[in-house]
Amino acid sequence: MNPDCLNYRLSEAERLKFENDGYLIVENALSDSHVASLAEATDRVAADYLRTERPRDNGRVNMLNFIGRDDRFLELLEWPKTFAKVWEILGWNIQLYHSHMIVTPSIPVEDRATPKRLGWHQDSGRLNCELDTNPQPRVSLKVAFFLTDTTIPNCGNFTVVPGSHLTNSVIFPSDGLSDPEGAVPVQVKPGTAVFFDRRIWHAPGINRSDVTRKVLFYGYSYRWLRPRDNMTVEHYLDRSDPIRRQLLGCSPNGGFGYTSPTDEDVPLKTWIRENAGEAAVAM
């Protein structure tokens, strides 16, 4: 794994921001040329998806398991400017359990003035019903790589209620149209990575602009959680190093290696110990 990731470890200020607000913005995670390359791959994959799988979606892409469709997506899995922050938040017993490509075209001009409440939710589906604690455990987080400019409002902005990961519910206004109090659109430049706790109440914004929004989401979880999508990544495994194989779901010791892993199951643990010190693997 690229040791450059040690130059981008989680600072104490970033840790406090993530713990208190439930999300963290990392600017300049990708260069302009890298954004352009990923955008080209996204356009190709999205066009194929719309042509063959979702021809009636009018240009909107909401695709799970995109990571296996282009090699350029794979390198973001342990991207140096983001990955150390992932393992410093979740620890070393982690995997990619979910990848999600969202392409949001503009809505028709005639619909742009119509008020509408956003689709507020917490991630992970049934976990929110079946884990009976308040707040619930974090279990996973996502890193969203933004490939288009969302520094202006009303361009499909990712929208959050800061701090809402610390409660299981938010209060919705009774008018049926307004969003929860405190909701804020996340306005970032292309190449920005946004980390967010799966528990934070969030929603995709409505794209009333003239720019199509493109975002790649990478979901990391503990290895004992079942993947949220099909994870068709077998074609990557024979050319992946041990850490990448761990992240792609491999376990040399089978099912037991997910819940009670040895060092063989989690080579990331050994790498962190050797490169960041014993304190970094204390979890």
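These numbers come from a predicted model, not from an experiment. (Residues numbered from 1 in each chain as written. Predicted model: local features only at pLDDT ≥ 70, side-chain atom pairs only at ≥ 80, totals over all residues. Heavy atoms only, no water.)

Draft legend 1. Summary view of the overall build of the protein chain. Along the backbone of the protein chain there are 9 helices and 9 strands. Here the C-alpha radius of gyration of the protein chain, 19 Å, is about what a compact globule of 283 residues would show, namely 19 Å. The principal-axis extents of the C-alpha atoms in the protein chain amount to approximately 60 × 40 × 35 Å. Among the 283 residues that make up the protein chain, the fraction classed as buried is 49%. A total accessible area of about 13100 Å² is found for the protein chain, and carbon and sulfur atoms account for 50% of it. The centroid of the 32 positive side-chain charges in the protein chain is displaced by 3 Å from the centroid of its 37 negative side-chain charges. (Helix = DSSP H or I, 4+ residues; strand = E, 2+ residues; numbered from the N terminus. Rg over C-alpha atoms; globule rule 2.2 N^0.38 Å. Buried < 20%, exposed > 50% of the residue type's maximum accessible area, 1.4 Å probe, protein only. Areas by Shrake-Rupley, 256 points an atom, 1.4 Å probe, with all protein chains shown as cover. Lys, Arg positive; Asp, Glu negative; His and termini not counted. Charge placed at Lys NZ, Arg CZ, Asp CG, Glu CD.)

Draft legend 2. Inspection of the sheet that holds strand 4 (residues 140-146) at higher detail. Reading across the sheet, the 6 strands line up as 1-7-4-9-3-2 and stay open at both edges, with antiparallel pairing between neighbours. Each edge of the sheet is formed by a strand with only one pairing partner; in this case those strands are strand 1 (23-26) and strand 2 (61-64). Neighbour to neighbour, the strand axes of the sheet diverge by 20 degrees on average, direction disregarded. Across 7 bridges, the pairing between strand 4 and strand 9 (residues 213-222) is antiparallel. Bridge pairing in strand 9 links L141 to Y220. Strands strand 2, strand 3 (94-104) and strand 9 of the sheet are contacted by helix 2 (residues 32-52), whose axis makes an angle of about 95 degrees with strand 2. Of the strands in this sheet, strand 1, strand 3, strand 4, strand 7 (193-197) and strand 9 touch helix 4 (residues 80-90), which is tilted by about 165 degrees from strand 4. (Pairing = 2+ DSSP bridges. Axes fitted to C-alpha atoms, helices over the stretch in contact; angles between N-to-C directions. Contact = heavy atoms within 4.5 Å.)

Draft legend 3. The sheet that holds strand 5 (residues 158-160), seen in detail. Across the sheet, which stays open at both edges, the 3 strands sit in the order 6-5-8 with antiparallel pairing between neighbours. In this open sheet, the two strands that pair with only one neighbour each are strand 6 (184-185) and strand 8 (202-204). Sheet topology places strand 5 next to strand 8; 3 bridges connect them, and they run antiparallel. Residue pairing for strand 8: F158 is matched across the bridge by P204.

Draft legend 4. The environment of C250, seen in detail. You can see C250 is positioned in the loop between helix 7 (242-247) and helix 8 (256-259). Classification of C250 as buried rests on a relative accessible area of 17%. Linking C250 and E234, residues 16 residues apart in sequence, is a C-alpha distance of 9.9 Å. Here C250 is in contact with R223, L237, R245, Y258 and D265, once residues within four sequence places are set aside.

Draft legend 5. Here's a closer look at the nonpolar core. F73, M101 and Y218 are the most contacted members of the largest nonpolar core, which totals 57 residues. Of all the elements, helix 2 adds the most residues to this core, at 7 residues. Ignoring anything within four residues of it in the chain, the contact list for Y218 reads F66, I67, F73, L76, L77, L96, H98, L141, K142, V143 and F145. The next biggest cluster of nonpolar side chains, apart from the first, holds 13 residues, and it includes Y23, I102, F146 and F217. (Core = buried A, V, L, I, M, F, W, Y, C linked by side-chain atoms within 4.5 Å.)

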